[in-house]
Amino acid sequence: MNEKDYFELLKFQSISADPSKKKELEDCASWVEKKLTGIGAKVERWVHDGHPPVLFALFEAADPTAPTLLIYNHYDVQPIDPLDLWKSPPFEPTLKDEKVYARGASDNKGQLFYTLTAVEAFLKEKNPPPFNLKWVIEGEEESGSEAIHKLVKEKKKELKADGLLIVDGGMDSLKNPTLGLGVRGMITMDLKVTGPNSDLHSGIHGGIALNPIHYLVEILANARSKDGAVLIPHFYDHVKILPKVDREKFSFHFDLEEYVHLYGIPPEGGEKGAYAPKERGSIRPTLEVNGISGGYSGEGFKTVLPSFASAKVSCRLVPDQDPEETAQLIKNYFESKSKPGAKVEVHIHAGKGPAVRCSLNSPLLETAKMAVEKTFGKSPELVLEGGSIPITAELAEAALCEPLIVGVGLPTDTIHAPNENFSLEQIKLGTSFIKNFLETFDKEQKR
Ligand code: BES
Ligand code: MN
């Protein structure tokens with residue numbers, strides 16, 4: 001595995017949210033499959049109903065009763081818009097100042113690439129491997145993991161493991177390494193307010209007809225209080241408070257200056273008065289509007305009273321909020337706001353996942369701590385990630401083992417945004433971390 005391979009991987013336009021990229025996703029999967037086969041894996045392509053394939057790779061130990069490690073990555077990426085803000089084309093990987101710029105450079109192709117590099121290097125020294133190594137790589141993480149959601153239920157036997165390493169996480173800085181002991185859950189939905197049966201002249205109808213855009217923003221605004229709390233009844237009912245003793249084991253470090261420097265804004269969102277920024281970003285649930293549309297927003301002006309307006313809304317969930325139940329609750333709440341002249345409909349998207357919290361005393365955590373110390377020369381702090389990896393809970397359940405969220409993603413990678421990047425330093429440290437993890441896992445299992 002070398003830089004050329006990394007660039008090849010980055011060239012696939014594997015945007016899972018875009019139905020026109022089906023072939024790109026297939027081709028990307030085939031590329032990854034070939035690499036896995038090339039380093040000695042038996043690979044299965046798991047497919048579900050036209051969705052991008054899930055790759056399942058197995059590197060068998062000589063002794064089949066040896067312990068098993070399961071690794072998770074994804075080969076799909078987020079959409080590229082707004083394209084005009086990219087300084088180099090998103091699917092033409094560009095090396096500049098020791099950083100590679102491309103969509104997926106970090107999330108998750110960069111992390112997949114260094115994991116491949118590390119596994120290859122590990123197997124060069126130990127082949128067959130001293131433990132069974134299983135690897136699932138899906139192509140739909142960025143759009144809700146629908147296929148793997150179905151497949152894990154059918155493939156429990158194949159997925160059984162003694163430890164699950166989700167290589168799709170990050171840290172605040174390479175100088176202060178962290179390990180992720182949780183992710184937030186996720187639900188997504190479309191909200192549509194339908195008014196008149198066609199766009200209307202705003203002179204003839206303004207003041208008479210209801211404007212769906214106004215009504216949409218009104219119901220959205222009313223769903224949250226001035227200080228950022230979600231006002232939808234029962235939204236917080238099942239939220240479990242993290243006990244103080246557990247809370248103290250995690251870092252909620254937040255560098256205000258760094259935040260302002262990186263993003264140009266102070267941390268003014270969420271339940272501001274009640275919780276610190278990192279708490280709001282990891283152990284509290286949220287409801288956010290991710291996009292809004294309706295009426296005319298092209299060049300110039302059009303005096304139109306729109307026929308409909310819509311919004312994309314998502315929630316980050318924490319233990320023990322149930323994704324289905326919470327989504328239904330929100331759907332019912334918004335739909336109950338329908339009134340004459342403005343019909344509210346909510347479409348809940350299929351891909352969802354609950355929050356996950358990993359055990360603080362799993363052997364896997366000890367292994368990862370040792371690997372971090374060896375790689376970074378420093379012990380890791382433990383964190384709860386604010387992001388979501390929807391399949392984590394179900395994968396851990398199918399594998400019958402503890403998960404752990406690791407990775408060398410950084411805030412400066414600008415994942416999901418223009419000019420996503422990953423440094424050669426991150427690749428080096430990521431590779432070294434995974435290789436050290438595999439070696440430590442081997443040693444720890446033999447003790
Ligand atoms: N790797 C991220 C999640 C993540 C980000 C974990 C930062 C830790 C730190 C993952 O690829 C991701 O972006 N997930 C999406 C899932 C969603 C589209 C269903 C997310 O969190 O928005
Ligand atoms: Mn992502």
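Since the structure is predicted, the reported quantities are computational estimates derived from the model, not experimental observations. (Residues numbered from 1 in each chain as written. Chains lettered and ligands numbered in written order. Predicted model: local features only at pLDDT ≥ 70, side-chain atom pairs only at ≥ 80, totals over all residues. Heavy atoms only, no water.)

## Considerations on the pattern of salt bridges
Then step 1. Using the criterion set out here, one finds 26 salt bridges in the structure.
Then step 2. A salt bridge links Glu 420 to Arg 103, with the shortest nitrogen-to-oxygen separation between them at 2.8 Å. Of this pair, Glu 420 sits in the loop between β18 (403–406) and β19 (421–423) while Arg 103 sits in the loop between β5 (99–101) and α3 (109–125), and the two are 317 residues apart along the sequence.
Then step 3. Residue Arg 103 is classed as buried on the basis of its relative accessible area, which comes to 0%. (Salt bridge = Lys/Arg side-chain N within 4 Å of Asp/Glu carboxyl O. Helix = DSSP H or I, 4+ residues; strand = E, 2+ residues; numbered from the N terminus. Buried < 20%, exposed > 50% of the residue type's maximum accessible area, 1.4 Å probe, protein only.)

## Some points on the site of ligand 1
Then step 1. Near ligand 1 you find 14 residues, and of these Glu 141, Asp 168, Arg 316, Ser 388 and His 416 are the closest.
Then step 2. One of the side-chain N or O atoms of Asp 107 is found 2.9 Å from an oxygen atom in ligand 1.
Then step 3. Take Arg 316: an N or O atom from its side chain is 2.7 Å from an oxygen atom of ligand 1.
Then step 4. Burial of ligand 1 by the surrounding chains reaches 85%, relative to a free accessible area of 520 Å². (Near = heavy atom within 4 Å. Polar contact = N/O pair within 3.5 Å; in protein donor to acceptor, adjacent residues only side chain to side chain. Areas by Shrake-Rupley, 256 points an atom, 1.4 Å probe, with all protein chains shown as cover.)

## Details of the sheet that holds β5
Then step 1. What the three strands build is an open sheet, ordered β4-β5-β19; its pairing is antiparallel. Either end of the sheet is taken by a strand with one partner, and the two such strands are β4 (94–96) and β19. This sheet shows a mean twist of 25° between the axes of neighbouring strands, independent of strand direction.
Then step 2. Sheet topology note: the β5/β19 ladder contains three bridges and is antiparallel. Across the sheet, the residue bridging to Tyr 101 is Asn 421, located in β19. (Pairing = 2+ DSSP bridges. Axes fitted to C-alpha atoms, helices over the stretch in contact; angles between N-to-C directions.)

## So, a nonpolar patch on the surface
Then step 1. Side chains of Val 217, Val 289 and Ile 292 sit close together on the surface and give an oily, nonpolar patch of about 230 Å² of accessible area.
Then step 2. Along the chain, the position of Ile 292 falls in strand β12 (residues 286–294). (Patch = residues over 30% accessible without salt bridge, like charges linked within 9 Å, V, L, I, M, F, W, Y side chains within 5 Å.)

## A look at the domain arrangement of the protein chain
Then step 1. In terms of domain boundaries, the protein chain breaks down into domain 1 (3–183 + 355–445) and domain 2 (185–239 + 285–348).
Then step 2. Relative to domain 2, the C-alpha centre of domain 1 lies at a distance of 35 Å.
Then step 3. Counting residues at the interface gives six residues for domain 1, matched by six residues for domain 2.
Then step 4. For the pairing of domain 1 and domain 2, the buried interface totals around 460 Å² over both sides, and the portion due to carbon and sulfur atoms is 57%.
Then step 5. The largest per-residue losses of area from domain 1 upon contact with domain 2 belong to Ala 355, Arg 357 and Ser 388, which jointly make up 82% of the total buried on that side.
Then step 6. Looking at the side of domain 1 that touches domain 2 residue by residue, the classes come out as two nonpolar, three polar and one charged. (Domains from an automatic or database assignment. Contact = heavy atoms within 4.5 Å. Buried area = accessible area lost by both parts, 1.4 Å probe. Nonpolar A, V, L, I, M, F, W, Y, C, P; charged D, E, K, R; others polar.)

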